[in-house]
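Below are the chains, spelled out letter by letter.
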Amino acid sequence: MTARAGLRARLPAGLGLNLGVLALLALLVAAPLMTILMQTLDPERIGAWSDVLASPLSRNLFWLPALNTMALGLGVAAGCVLIGGFLAWLVVMTDMPFRGLVGFLATLPFMIPSFATALAWGTVFRNGRVGGGGGLLEGMGIAVPDALAWGMTPTMIVLIAHYYALGFTVIAAALATVNGDLVEAAQMTGASRRRVLFGIVLPVVMPALIAGGSLCFAGAVSNFAAPALLGLPVRMQTLSTRLFGMIEIGQVERGYVLAILLIGLSAVFLALGNRLLAGRRSFATISGKGGRARRFALGRARGPLTALALLICLVTTILPILLLIAASLAPMASSLFSGWTLHFWIGEADPAFARGQAGIFNNPQLLRALTLTVAIGAVVAFLANVIGILVAVALTRHRLRGISEAVSQLSFLPMLLPGIAFGAAYIALYGAPIGPLPALYGTSVLLALALTAAMLPFAVQTGRATVAQISGDIDEAARLTGAGFFRRIGAITLPLASRGLLASLLLCFVNVISDLAIVVLLYTPTTPLLSVLSYRYASDGFHQFANAVTLVILSISTLAAGLATLLRGRNRPWLSS
Amino acid sequence: MITLSHLGKTFGGAQAVSDISLTVPEGAFLVLLGPSGCGKTTILRMLAGLEHPTAGEIRFGDTAVADASRGYVMEPGSRNAGLVFQSYALWPHMTVAGNVDWPLRVANLGREERRARAAEAMEMLGVAGLAARYPGEISGGQQQRVAIARMIAPRPRVLLFDEPLSNLDATLRVEMRTELMRVHRATGATAVYVTHDQIEAMTMATHVAVMNGGRIEQFDPPERLLSDPASAFVARFIGTPPANLIPVQAGAWFGRMPDPALRGATGHGMVRAEDLALADAPGPDTFAAQPVEVVPMAGRRLVTGLAEGQRVTAVTDLAGPVPSELHFRLPPAPAAIFDPKGNRLS
Ligand SMILES: Nc1ncnc2c1ncn2[C@@H]1O[C@H](COP(=O)(O)OP(=O)(O)O)[C@@H](O)[C@H]1O
Ligand SMILES: [Mg+2]
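Bear in mind that the values here come from a model prediction, so they are computed numbers and not experimental data. (Residues numbered from 1 in each chain as written. Chains lettered and ligands numbered in written order. Predicted model: local features only at pLDDT ≥ 70, side-chain atom pairs only at ≥ 80, totals over all residues. Heavy atoms only, no water.)

A. The overall build of chain A, seen in detail. When helices and strands are tallied, chain A shows 26 helices and zero strands. A compact globule built from 577 residues should have a C-alpha radius of gyration of about 25 Å, and chain A, at 25 Å, falls within 12% of that. Considering only C-alpha atoms, chain A reaches an extent of 80 × 75 × 50 Å along its principal axes. Out of the 577 residues in chain A, the part that is buried amounts to 51%. Pairs at least 24 apart in sequence give 76% of the contacts found in chain A among residues at least 6 apart. When the accessible area of chain A is evaluated, it comes to approximately 25400 Å², of which 67% is carbon and sulfur surface. Distance from the positive charge centre (37 side chains) to the negative charge centre (18 side chains) of chain A: 12 Å. (Helix = DSSP H or I, 4+ residues; strand = E, 2+ residues; numbered from the N terminus. Rg over C-alpha atoms; globule rule 2.2 N^0.38 Å. Buried < 20%, exposed > 50% of the residue type's maximum accessible area, 1.4 Å probe, protein only. Contact = heavy atoms within 4.5 Å. Areas by Shrake-Rupley, 256 points an atom, 1.4 Å probe, with all protein chains shown as cover. Lys, Arg positive; Asp, Glu negative; His and termini not counted. Charge placed at Lys NZ, Arg CZ, Asp CG, Glu CD.)

B. Spotlight on the state of the cysteines. All names here are of chain A. Going through the model one piece at a time under the given rule, you end up with zero disulfides over all chains. Unpaired in this structure, Cys80 has its nearest cysteine sulfur neighbour in Cys216, at a distance of 3.8 Å. The thiol of Cys313 is not disulfide-bonded; the next cysteine sulfur, from Cys80, is found 13 Å away. (Disulfide = S-S within 2.5 Å.)

C. Up close: the UniProt feature "domain: ABC transporter" (unreviewed entry) in chain B. Within this numbering scheme, the UniProt entry marks residues 2-238 of chain B as carrying the feature "domain: ABC transporter" (unreviewed entry). A helix fraction of 35% and a strand fraction of 28% characterise residues 2-238 of chain B, whose end C-alpha atoms lie 25 Å from each other. (UniProt positions renumbered as here; feature names shortened; annotations may be inferred.)

D. Region of the structure containing helix α25 (residues 530-539) of chain A. Residue and element names in this part refer to chain A. Counting buried positions along α25 yields eight of ten residues, so the element is predominantly enclosed. Those residues of α25 lying buried are Leu530, Ser531, Val532, Leu533, Ser534, Tyr535, Tyr537 and Ala538. Once α25 ends, the next one or two residues include Gly541, with phi positive near 90 degrees.

E. Spatial organisation of the domain arrangement of chain B. Residue and element names in this part refer to chain B. Domain annotation of chain B identifies domain 1 (2-232) and domain 2 (241-338). Taken together, the contact pairs six residues of domain 1 with four residues of domain 2. Summed over both sides, the interface of domain 1 with domain 2 buries roughly 350 Å², with 65% coming from carbon and sulfur. Of all residues in domain 1, Leu226, Pro229 and Ala232 bury the most surface against domain 2, accounting for 80% of the area lost on that side. Counting the contacts that link domain 1 with domain 2 gives zero salt bridges. Here domain 1 is connected to domain 2 by two residue pairs in polar contact (both at pLDDT 80 or more). Its residues assigned to classes, the side of domain 1 that touches domain 2 comprises four nonpolar, two polar and no charged. (Domains from an automatic or database assignment. Buried area = accessible area lost by both parts, 1.4 Å probe. Salt bridge = Lys/Arg side-chain N within 4 Å of Asp/Glu carboxyl O. Polar contact = N/O pair within 3.5 Å; in protein donor to acceptor, adjacent residues only side chain to side chain. Nonpolar A, V, L, I, M, F, W, Y, C, P; charged D, E, K, R; others polar.)

F. Representation of the interface of chain B and chain A in the model. Across the boundary between the two partners, chain B contributes 33 residues, which contact 25 residues of chain A. Taken together, both faces of the contact between chain B and chain A bury some 2600 Å²; the carbon and sulfur share is 61%. Our count for the contact surface shared by chain B and chain A stands at one salt bridge. The residue Glu184 of chain A makes a salt bridge to Arg45 of chain B at a minimum N-O spacing of 2.6 Å. In this assembly, chain B and chain A are joined by four residue pairs in polar contact (both at pLDDT 80 or more). Secondary structure elements with two or more residues in the side of chain B that touches chain A: α1 (40-48), β7 (81-84), α2 (96-106) and α4 (140-152) of chain B. Partitioned by chemical class, the residues of the side of chain B that touches chain A number 18 nonpolar, ten polar and five charged.

G. Region of interest: the pattern of salt bridges. All names here are of chain B. Counted according to the given criterion, the structure contains 23 salt bridges over all chains. A salt bridge links Arg117 to Glu113; the nearest nitrogen and oxygen atoms lie 2.9 Å apart. Taken together, the residues span about one helical turn, with Arg117 and Glu113 both in helix α3 (residues 111-124) at a distance of four residues. Of the residues examined, Arg117 reaches a relative accessible area of 14% and is grouped as buried. Exposure remark for Glu113: the relative accessible area of 35% places this residue in the partly exposed category. Here Arg256 and Glu308 are joined by a salt bridge, their closest N and O atoms 2.6 Å apart. Remark: Glu308 occurs in the loop between β18 (300-307) and β19 (310-316) and Arg256 occurs in the loop between β13 (252-253) and β14 (257-258); sequence separation between them is 52 residues. It is possible to trace a salt-bridge network through shared partners that takes in Arg145, Glu175, Glu179 and Arg182.

H. Fine view of the side chain of Arg114 of chain B. All names here are of chain B. Summarising the element assignment, Arg114 is placed in helix α3. Look at Arg114 and you get buried, because its relative accessible area is 14%. The residues touching Arg114, leaving out its near neighbours within four places in the chain, are Asp101, Leu104, Arg105 and Leu109.

I. Examining the pairing of strand β4 (residues 55-60) of chain B more closely. Residues and elements named next belong to chain B. Bridge count between strand β1 (residues 2-11) and β4: five bridges; the pairing is antiparallel. In the sheet register, Ile2 faces β4, and the bridge partner there is Phe60. As paired elements, β4 and strand β5 (residues 63-67) share four bridges and run antiparallel to each other. What sits directly across from Glu57, in β5, is Asp67. (Pairing = 2+ DSSP bridges.)

J. How the structure looks around the packing of helix α18 (residues 364-397) of chain A against helix α23 (residues 485-513) of chain A. Residue and element names in this part refer to chain A. Running from N to C, α18 and α23 cross one another at 135 degrees; their axes reach a closest spacing of 8 Å. Between α18 and α23, the crossing angle belongs to the class labelled oblique. The interaxial crossing formed by α18 with α23 has right-handed handedness. (Axes fitted to C-alpha atoms, helices over the stretch in contact; angles between N-to-C directions. Parallel < 35°, antiparallel > 145°, perpendicular 65-115°, else oblique. Left-handed = near helix turned anticlockwise from the far one by under 90°.)

Okay, structure coming up:
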């Protein structure tokens, strides 16, 4: 008893917890990355670097895909800042009607997986160039140029339609903190509207624009679904599709090198963004009580701008879903609204129809994929949030020099890692047996581990928010009664945090079941997942089936996301007037 | 000179300010004093040109800067007025020097002139040493000084302040009061200062407008507010401690202690804390109260008791422990009498 107490007194409080989460993060995040790096540095394989970077192959292997990736990233970032910023400005700063509706709709596209939007694009703009039927426009007798059907342009548009929601959220949150007094203080000097806009408003919101832009950039360069569905058919490669191709054809080392380069590219840009954001020019309002928010009157532009905002929202949320529904029923996308049949959903295999493919609910793979996807989604959401809470408690209640920084960095690192590179790293580490442990490749354990690691930044962030809500005093009051750590978590922290936690679980679940980039490398026929199934159908040209599977994913995630919204309440500060 | 005549402002039907008329001379320090929500900020923003009056007129000297009857409003930038916001409203992306300099740039002053004026303003407020820092890197008190330096650098003739000290801690507040008066004297401009703190009003103002519910209750120099409150509202609001308003009923204190000095009035008799004494034993002119609190102040003690549900405070030389029952002795006559609506009777 006394010995134990003496030992406790000498060790800093929370050391065990900190070391525990550090070890967990090392296994989940650091180890796969180290492995992928070490493997490419192995003397026997180091040649992969020169193959990729400086050989006759490297133009096609790396430089062209890298160029495409950069162009895509910059284009998407610019588009998202423009559209997201425009909507955020309307919702936060002006007297536009339907602000609540637009503010809600503008956050939705991020909930719709990018392969859903890409498929919806195809149903309208596809042309006959790569075989298979044309889309709705061709059916109406309008020739669709290749540039609009395939390659860079549609990929960029689809990604903007997906990621502008991210830009909107970041920019709207930042604009909501910009104090109206700043603008009025500038007006008092007699400055013209233009001068106030360029001298004060833009510089003040610039950090938000940069933050939003760099997140969208990182998202776009690591996206796999859109370039794979819209670019690969015409051999437009990005780093992520190239990386996928290399690993699929067994040139694993080259794939790993590409993964490292892709991580490097997105890290450089996120770091650049952070650097511009860093330090003292923060947009956060400085002290002092704010004035009443004053909304900018749109005057005569009110009607047209409202219409434009609603149009953008509808075209990126409801329209793609409607198109997918129609396209999952119509035998030919070129005549989207005729000959509707449920064959693609529930039909028996029939050699005369759809090359003998049975409807998705008659595909034994689908039912397995459905159960596995939901199960993995639930397990990952649970694991990630448990770790998220532990990390949050370690970071907020028991900060320890050195360890806490490592914990915090490691838990946010997956944010910088493109999903497909992450998948590659997991194959590199857990694909082969480690000592007595069997290889995990082809098991759902591997999928669950990789997805858990990928969800950590999100889970830790919401974990910190929930833990922060519960003041340290409450926990300390329980500590004074002599309750131990796990007792306090169970009796105090969890009950108080349950609402926020449940919402976070559901959102994690949504992210997991709509992920394609991470799982596309880890999936095997024994572990089918809905998103991969949809991707397989689409790349084999069975678009109706792909659409139907995508709709299954969308219905599950809409249910979960709706539930999460209910639980969270209307937590959108920028909508309050 | 600032003149407001019949100034009014409604927000979508809700009357925020009505029928405000007053005049202060050049170089005056006008304080708008009143509880939260009484319309002080609205008046200040109309003076700044950030809000348009719905009735009445505002003149700076001979110039009308806003006239609701003609629908005329002069732009904020043309009024030669500066405003210190309650939130300070420092531009976070500019250094301290940049904040002070920007208005001078907008005014198209030459480089040398700008440098001299910015330096002078920062010197005057003691923030020259912080010139290269960003607002996020300095303390609240320093931000306050920068906001004032930024306002005075273009040398406005009218200085407007919206509760500038409300975010500072107590010591800093006292220090900044002195500082503000110094800046006001040095610039010779006319100041309009909004606050809910009567001590600030009493120490700084040459003129005070006590406001209540969007109207002026009394417009006078500070001493007159103390010596001659125009309404029960003013009497309760002003003074440290504020005067006691003791209920009277048909010429009797508390309705049971008749006093010819009350002249049969019903309402409240005003008795200043320094006119109220503590008696050792009950008498014909005393009333009993339970002790509530004792505050030492300037070598004397403020004793507050509860008499018939009413807090009553006296300034006393009471030494030693406080007795379990207090007896307050009334003065020969109240300093003022108010009717039940709060209007002054005598
Ligand atoms: N922009 C506005 N829209 C609607 N009501 C307002 C607005 N500004 C002020 N008010 C109302 O006018 C009244 C006076 O407000 P204000 O001048 O800010 O008071 P004070 O500064 O004395 O606290 C309050 O009732 C307030 O709610
Ligand atoms: Mg105010």
